[in-house]
Amino acid sequence: MAKFLTNKEESFSQWYNDLVIKADLAENSAVRGCMVIKPYGYAIWERIQAELDRKFKATGHVNAYFPLFIPKSFFSREAAHVEGFAKECAVVTHYRLKHSADGKGIIVDPDAKLEEELIVRPTSETIIWNTYKDWIHSYRDLPLLINQWANVVRWEMRTRLFLRTAEFLWQEGHTAHATREEAIEETTKIIDLYADFVTNFMGIPVIKGYKSPSERFAGAEDTFAIEALMQDGKALQAGTSHFLGQNFAKAFDVKFTNEKGKLDYVWATSWGVSTRLMGALVLAHADNNGLVIPPRLAPIQVVIIPIYKGSDQLDKISEIAINLKIRLEEAGLTVKYDNRDTQKPGFKFADYELKGVPVRLAIGPRDADQGTVEVARRDTLTKETISRDNVVSHVVSLMDEIHNNILKKATAFREENTHYVDNWDEFLDVIENKGGFVMAHWDGTPETEEQIKNLTKATIRVIPFDSPTEKGKCIYSGNPSDRRVLFARAY
RNA sequence: CGGGGUAUAGCGCAGUCCGGUUAGCGCAUCUGGUUUGGGACCAGAGGGCCGCAGGUUCGAAUCCUGCUACCCCGACCA
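This section reports on the structure supplied with the text.

What follows concerns the pattern of salt bridges. A complete count under the given rule lists 30 salt bridges for this structure. A salt bridge links Glu227 to Arg461, with the nearest nitrogen and oxygen atoms 3.2 Å apart. Of the two residues, Glu227 is situated in strand 12 (residues 222-229) and Arg461 in strand 24 (residues 459-464); the sequence distance between them amounts to 234 residues. Taking relative accessible area as the criterion, Glu227 reaches 0% and is therefore assigned buried. Take Arg461: its relative accessible area is 6%, and that puts it in the buried class. Here Glu470 ties to Arg484 by a salt bridge, and the two come within 3.0 Å at their closest N and O atoms. With a gap of 14 residues between them, Glu470 in strand 25 (residues 469-473) and Arg484 in strand 26 (residues 480-488) connect regions that are remote in the sequence.

If you want it as structure tokens, here you go:
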């Protein structure tokens, strides 16, 4: 078989880059650091959107849309926030172009300079809280539970398709609450929602936890995150939910009258997941044959491929295939019948494997005569021939089976690659030679965290919610610690 | 923003050192035919301002100067 992808054992990052392009997910654009998301990749993103949107609405959130541009002055109101994002902002300074004096090109018209520069949003807290000021006056206006689907721009030095692009798509939730407790409850509810989604829809197990203070979102009092382990042993932050305290309410002077008639600042949360999840999908599940898409996420769940000689056979097989497609669709599945005559079956087999379609059905003359269908699974690459009468119920049950198998495999991988480490040498050895998650004691100081990062490139991914209390000594400083935290090298 | 590299057909490259026919090769594309149970084969065809701007020369993809873009390694990061 010809080699179409770089093997991941050979070069993991090359394999990733190849796969994203060859599976038709995205490509680099003419604009530095910005990607073109291709129809197949976008179809997967739309699946992610649809399910998350359903979950947000089911928990009482509504969608709205805020401007792409943020006046510079808004940005500087929350000190930590501006500090965190200032280094990666695209700025609009002019609003008009004109022909250059030599007539050869177009230049920015110096007379069209903006009074106040506009920042292309890297995140929308400031514009949204400036708006909330007018929306919130009473406890009766709360809670305000709003989400927006948008693009944002962060001027990254080095970019990689889906994992880090200068522009990316995401959703950002921005909620306002009357009490601290309620805001914290919302922050928790969302990180649980994300964890449920990533685990049960994308088949990727995650660790939920707190970010250390130095890894917190700029302007947050607390950041919760879900961390997933990729096949190369690196961690990927798959979603974050921030408890913003009253920081933004104070910065934008958003006060409300509470039930007792007293004026108080509003409590806030914000949370988001991005097209980075597309990267997680590839890095968590794909193999040397291509993508492996968990069935609940797959834009095409079942593909039917005819095998035939001559148009008479094709007609006969098509009739069977189309009938089967209808029955599968009635059972709630998304089905594609690929009857293109321009590609041979072998090509199609390989192509749908590359694209990660969970189940492939092949129908040839033999099957037509015998009333059978060949059923192939993408996750195991196994094939079986079963009776046409049973195929619908079989494929329906395969959807859950494949999802469970993919999740089980990823979970087993994570368990095999989670190391409990109690001293520095061991820590170094695991980080350098094995990779994966490392559960170790930390003295709780940012200095130690910083030192460990400088020495090993490993960071504290999260302080897991479920990390039990356990007396120990910090692997770096030897100072006492009462719980383990999760270290890893990360994307 | 520091260090290194690259720029030739849609993609991947050779040719550049040492200037000289009509700038090649693989993949992809198109046409015709044979094929179709794991990425088909044969025959033919189309496709290039050799990154941009100057210069040297009878002659420049090739030599010189300047510019621009991109890639890799660091610092920064969802």
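We are not done yet, so read on.
Surveying the vicinity of RNA strand B reveals 35 residues, the closest of which are Arg158, Arg164, Thr165, Arg360 and Asp367. Expressed as a percentage, the sugar and phosphate content of the atoms of RNA strand B within 4 Å of the protein is 39%. With respect to RNA strand B, the backbone of Gly346 contributes an N or O atom lying 3.4 Å from a sugar or linking oxygen. Among the elements of the structure, helix 10 (345-354) and helix 11 (365-370) are those that each provide at least two residues to the surface near RNA strand B. With 7 residues, the single largest contributor to the surface near RNA strand B is helix 10. Broken down by class, the residue content of the surface near RNA strand B amounts to 13 nonpolar, 5 polar and 17 charged.

Residues Leu142 and Pro143 are joined by a peptide bond in cis, for which omega reads -5°. With respect to the secondary-structure elements, Pro143 resides in the loop between helix 5 (125-135) and strand 9 (144-153). Phi at Asp24 takes a positive value of approximately 70°, unusual for a residue other than glycine. Relative to the helices and strands, Asp24 is located in the loop between helix 1 (12-22) and strand 1 (26-28). Accessibility expressed as a relative area gives 27% for Asp24, which makes it partly exposed. Phi is positive for Asp253, which is not a glycine, with a value near 55°.

Core analysis: the largest hydrophobic core is formed by 60 residues, its most contacted members being Leu25, Ile44, Ile48, Leu52, Tyr194, Val282 and Leu283. Composition of this core by domain shows at least three residues from each of domain 1 (12-285) and domain 2 (302-398).

With that out of the way, let us pick up the side chain of Glu125. Following the sequence through the fold, Glu125 ends up in helix 5. Although Glu125 lies buried, it forms no salt bridge, and the closest oppositely charged side chain, Arg154, sits 6.7 Å away as judged by the N-O distance. A polar atom in the side chain of Glu125 sits 2.6 Å from the side chain of Thr123. In this structure Glu125 touches His81, His174, Phe217, Leu244, Phe248 and Ser270, once residues within four positions along its chain are discounted.

Here Ser387 shows up in strand 21 (residues 383-387). Owing to a relative accessible area of 27%, Ser387 belongs among the partly exposed residues under this scheme. In this structure, the C-alpha to C-alpha distance between Ser387 and Gln370, residues 17 residues apart in sequence, is 8.3 Å. Sequence-distant contacts of Ser387, defined by excluding residues within four places in its chain, comprise Gly371 and Thr372. From its side chain, Ser387 meets the backbone nitrogen of Asp389 in a polar contact 3.1 Å long.

What follows concerns the pairing of strand 20 (residues 372-377). Along strand 20, 6 of the 6 residues are buried, which leaves the element largely enclosed by surrounding structure. Residues Thr372, Glu374 and Ala376 line one face of strand 20 and the alternating positions Val373, Val375 and Arg377 line the opposite face, and both faces are buried. The pairing of strand 19 (residues 359-363) with strand 20 spans 4 bridges and is antiparallel. Following the sheet pairing, Leu361 is matched in strand 20 by Val375. One ladder, built from 5 bridges, connects strand 20 with strand 21; its direction is antiparallel. Residue pairing for strand 21: Val375 is matched across the bridge by Glu384. Hairpin remark: strand 20 followed by strand 21, antiparallel, with 5 residues in the connecting loop; positive phi at Leu381, about 60°.

Now for a nonpolar patch on the surface. Among the surface-exposed residues, Leu97, Ile106 and Val108 lie close enough to one another that they form a single nonpolar patch of about 290 Å² accessible area. Residue placement: Ile106 occurs in strand 7 (residues 106-108).

Turning our attention to the packing of helix 2 (residues 39-58) against helix 6 (residues 180-200). Axes are the key here: two packed helices are described by the angle between their axes and the distance separating the axes. Where helix 2 contacts helix 6, the two axes come as close as 11 Å, and the packing angle between them is 145°. Judged by the sense of rotation from one axis to the other, the crossing of helix 2 with helix 6 is right-handed. Across the interface between the two elements, Ile48, Glu51, Leu52, Lys55 and Phe56 from helix 2 touch Leu193, Tyr194, Asp196 and Phe197 from helix 6.

Cut-offs used in this document
- Residues numbered from 1 in each chain as written.
- Chains lettered and ligands numbered in written order.
- Predicted model: local features only at pLDDT ≥ 70, side-chain atom pairs only at ≥ 80, totals over all residues.
- Heavy atoms only, no water.
- Salt bridge = Lys/Arg side-chain N within 4 Å of Asp/Glu carboxyl O.
- Helix = DSSP H or I, 4+ residues; strand = E, 2+ residues; numbered from the N terminus.
- Buried < 20%, exposed > 50% of the residue type's maximum accessible area, 1.4 Å probe, protein only.
- Near = heavy atom within 4 Å.
- Polar contact = N/O pair within 3.5 Å; in protein donor to acceptor, adjacent residues only side chain to side chain.
- Nonpolar A, V, L, I, M, F, W, Y, C, P; charged D, E, K, R; others polar.
- Core = buried A, V, L, I, M, F, W, Y, C linked by side-chain atoms within 4.5 Å.
- Domains from an automatic or database assignment.
- Lys, Arg positive; Asp, Glu negative; His and termini not counted.
- Contact = heavy atoms within 4.5 Å.
- Pairing = 2+ DSSP bridges.
- Patch = residues over 30% accessible without salt bridge, like charges linked within 9 Å, V, L, I, M, F, W, Y side chains within 5 Å.
- Areas by Shrake-Rupley, 256 points an atom, 1.4 Å probe, with all protein chains shown as cover.
- Axes fitted to C-alpha atoms, helices over the stretch in contact; angles between N-to-C directions.
- Left-handed = near helix turned anticlockwise from the far one by under 90°.

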